[in-house]
Amino acid sequence: MKKEIIIDREPGLTRAAVLEDGNLAEFYQEKEGAEKISGNIYKGRVQNVVSGIQAAFVDIGTDKNAFLFLGDAEMDARDFTFGGQADETAKAALSAKKAVKNNQEILVQATKEPDGDKGARVSAHIGLPGRYVVLTPQDNYIGVSRRITNDEERTRLRGEALKAKPESYGLILRTAAQGMNAEELKPDIDALCAKWETVEKAGKTAKAPACVYQDAALTVRVVRDLLTEDTERLLLPDHETYETVMDALQVTAPELCGRCEEYTGSMPIFDTFRIESKLDKALQHKVWLKSGGYLYIDPTEAMTVIDVNTGKFTGSRELEETLIKINCEAAVEIARQLRLRDIGGIIIIDFIDMEQEESREKVLSALKTALKSDRNRTNVVGFTGLGLVEMTRRKLRTKLSGTLQTLCPVCEGTGRVIQPEFTARKALREYRRQKASGSKATIEIKLNPAVMAALKELAPDLDAKCTVISSMGPNDYHVAPVIGKTAKEEEA
C-alpha cells in the first residue's frame with residue numbers, strides 16, 4: 001500500500017491529509033486560535049465531585065468544566081498486554097484510584113476534545129508522547145502498544161525499556177519503537193524527562209485554572225505520530241516548514257529525512273492531489289462503492305448507523321455469493337470512512353441480510369481486517385439477533401463533520417424542513433386569528449417564494465398584503481398589521 005502525507009498551510013490554518021493508494025484515509029485541521037486541547041496538561045480546580053457517578057468536574061479554564069471519571073482516570077490495561085495477559089505492574093497502577101475533593105487543585109491532562117454541550121474529558125494520569133515512547137511520570141510501569149502483536153518482540157522491547165527507564169517513571173513503547181534497543185530509546189526518554197521537569201515546575205507555580213503544557217502544533221504531531229517506515233513520502237508546503245521538519249527529524253529519526261519533500265508546484269498543494277474534492281465526498285450522506293452498491297451513513301446523538309445497499313450491483317447468479325461480495329466491499333469502505341470521518345462511540349451496521357452463518361463470518365473477518373489499519377481502538381462485537389453488526393470506536397476528536405460543518409440554522413440539524421404548504425397553512429391560520437380580533441389595519445404576510453406560491457394556491461383571493469422575502473427560511477413566516485394604515489387607506 002502506498003502511503004503519503006500531504007501538509008498544507010495558509011494564513012491561520014494548517015491541514016494534513018493521509019493518502020493510502022490515492023484514497024483519502026485521514027484528515028486533520030488546526031485553526032490558529034482554536035487549537036485542539038487533547039494532550040494539553042492543566043492545573044485545574046475541582047468544582048464538584050459527584051460520588052453517584054464516580055466523577056468530578058474540573059475547571060481547567062475552558063468554557064465548560066472538564067469531566068474526570070475517577071473509575072477510569074487510569075490507563076487502559078488492554079493497551080498494554082503481553083501474551084494476552086495484562087502486565088502485573090500495570091494492573092497494580094490501574095487499580096489505585098485517587099480521591100479528589102471540592103476546590104482541590106489537581107494536575108490533569110485532556111484526553112478528549114469538548115463535544116457539543118459536553119466539556120473536555122481529562123485524566124489524572126499524565127502521558128507525554130515522544131516519537132518512540134510515551135513517558136508516564138506518575139505511573140511506574142512499562143507497557144507496549146497493542147499494535148505490536150509479536151509476543152517475542154513485546155518481551156524484548158520490555159527488557160530494553162527496563163534498561164533505559166528512569167527510576168519511578170513509567171514508559172509505554174509506541175509502535176515506532178519496534179526493533180530498537182535501550183541506547184536508541186534513551187534520547188527520546190531524556191527529552192521527555194526534561195519536558196516533564198518543566199511541566200512540574202509550572203504546575204507548582206501556576207494559579208489554577210491554567211494550561212501548564214500545550215501539545216505540539218499539527219505539523220510536529222503529524223511528523224511525530226504518523227511519519228513511519230511505511231510512509232513513502234511526506235510532502236511539505238513551503239521551505240520554512242520543510243526546514244523545521246528536517247531539523248526535528250535529524251535529531252529523532254534521521255533515517256526518515258529522505259522521505260520528506262518540499263512542494264514546488266504552482267497549483268495549491270491540495271488541489272494537485274484532488275484532496276478538496278475528496279473532502280467534499282467525505283461529508284456526503286451517501287457513499288458509492290466501486291461495484292455500484294452504496295452506503296448511507298447517519299449520525300445520531302447516541303450512535304452512528306450505517307446501512308448497506310446493493311444499488312446497481314447485480315453480481316453473479318448465486319445470490320449468497322453476490323451478498324458476500326457486496327458486504328465485504330462495504331466492510332472495507334466502512335472501516336475507511338470511520339477513520340476518515342473520525343466517527344467514534346457506538347456504531348451499528350446494517351449489512352445486507354445473509355442466510356448462512358459462514359457468510360456472516362466472512363463479512364466480520366473482512367471488517368476486522370480492514371480495521372487493523374486504524375490507529376484508534378475499535379471493538380467489533382458481532383452480529384445481533386436482528387442481523388445488525390455492533391461495534392465501538394474510541395472517540396477522541398471532534399468528527400470531521402463537526403470540524404468542517406456547522407448546524408443548519410433552518411432545519412437545526414434534523415436534515416428536514418416543513419413542506420411549503422404546511423408553513424403556508426400556519427401563516428393563513430395566524431392571518432385568520434388577527435382578522436377575527438377585529439383589527440381594521442391591513443395585515444401583511446411575509447413568506448419565502450415557495451411558501452408564498454403555496455399560500456396563493458390555498459387562498460387565491462386573500463385580502464392581505466403579501467410580500468415575498470427570499471432570505472426567509474421554509475419554516476418561517478411573519479404575519480402582522482401594517483402599522484398606521486387601514487385596509488381602505490391601503491387600497492387608496
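Before reading further, recall that the structure is shown in the block above.
This write-up is about the structure you can find in this document. (Residues numbered from 1 in each chain as written. Predicted model: local features only at pLDDT ≥ 70, side-chain atom pairs only at ≥ 80, totals over all residues. Heavy atoms only, no water.)

**Here's the deal with the environment of E160**
Then step 1. You can see E160 is positioned in helix α2 (residues 151-164).
Then step 2. For the pair E160 and L185, spaced 25 residues apart in sequence, the C-alpha to C-alpha distance is 8.4 Å.
Then step 3. Not counting chain neighbours up to four residues away, the residues in contact with E160 comprise M180, N181 and A182. (Helix = DSSP H or I, 4+ residues; strand = E, 2+ residues; numbered from the N terminus. Contact = heavy atoms within 4.5 Å.)

**Remarks on the pairing of strand β20 (residues 303-309)**
Then step 1. Across six bridges, strand β19 (residues 294-299) lies against β20 in antiparallel orientation. In the strand pairing of β20, P299 is matched with T304.
Then step 2. As paired elements, β20 and strand β21 (residues 345-350) share five bridges and run parallel to each other. Bridging across to β21, D307 finds its partner in D350. (Pairing = 2+ DSSP bridges.)

**Focus on helix α9 (residues 357-371)**
Then step 1. With 15 residues, α9 should reach 21 Å at 1.5 Å per residue; the first-to-last C-alpha distance of 21 Å fits that figure.
Then step 2. Buried within α9 are the following residues: S359, V363, L364, A366, L367, A370 and L371. Each buried residue of α9 sits inside an arc of 155° when the element is viewed along its axis, so together they form one side.
Then step 3. Looking at the packing, one finds that the buried side of α9 touches α8 (319-341), β21, β22 (378-383) and β23 (389-393). (Expected span 1.5 Å × (residues − 1). Buried < 20%, exposed > 50% of the residue type's maximum accessible area, 1.4 Å probe, protein only. Arc of directions from axis to C-beta.)

**Observations concerning the sheet that holds strand β12 (residues 133-136)**
Then step 1. Pairing is mixed across the open sheet formed by four strands, whose spatial order is β11-β12-β14-β13. Looking at which strands have only one partner, the edges of the open sheet turn out to be β11 (128-129) and β13 (142-144).
Then step 2. As paired elements, β13 and strand β14 (residues 170-173) share three bridges and run parallel to each other. Bridge pairing in β14 links I142 to L171.
Then step 3. Contacts from α2 reach β13 and β14, with the element oriented near 145° to β13.
Then step 4. Taken strand by strand, helix α3 (residues 182-205) contacts β11, β12 and β14, and its axis lies near 35° from that of β12. (Axes fitted to C-alpha atoms, helices over the stretch in contact; angles between N-to-C directions.)

**Details of helix α5 (residues 239-252)**
Then step 1. For α5, built from 14 residues, the straight-helix expectation of 20 Å at 1.5 Å per residue is met to within 8% by its first-to-last C-alpha distance of 20 Å.
Then step 2. For α5, the complete set of buried residues consists of T241, Y242, V245, M246 and L249. When α5 is viewed along its axis, its buried side chains cluster within an angular range of 130° and face the same direction. Every exposed residue of α5 that faces more than 90 degrees away from the buried side is listed here: E240, D247 and V251.
Then step 3. Tucked into the core, α5 has its buried residues touching β1 (3-10), α4 (218-225), β16 (231-236) and β17 (260-262).
Then step 4. With a side-chain oxygen lying 3.3 Å from the backbone nitrogen of E240, the N-terminal cap of α5 falls on D238. (Polar contact = N/O pair within 3.5 Å; in protein donor to acceptor, adjacent residues only side chain to side chain.)

**Focus on the sheet that holds β22**
Then step 1. Within the open sheet, the six strands sit side by side as β18-β19-β20-β21-β23-β22. Their pairing is mixed. Strands with a single pairing partner mark the edges of an open sheet, and in this sheet they are β18 (286-288) and β22. Between one strand axis and the next, the sheet turns by 20° as a mean value, whatever way the strands run.
Then step 2. Looking at chain direction, β21 and β23 are connected through five bridges and run antiparallel. Directly across from I348, in β23, lies its bridge partner E390.
Then step 3. Lying on the sheet, α8 is in contact with β18, β19, β20, β21 and β23; it crosses β20 at an angle near 150°.
Then step 4. Sheet contacts for α9: β21, β22 and β23; angle to β22, the most-contacted strand, approximately 175°.

Remember, this is a structural readout, not a statement about activity or role.
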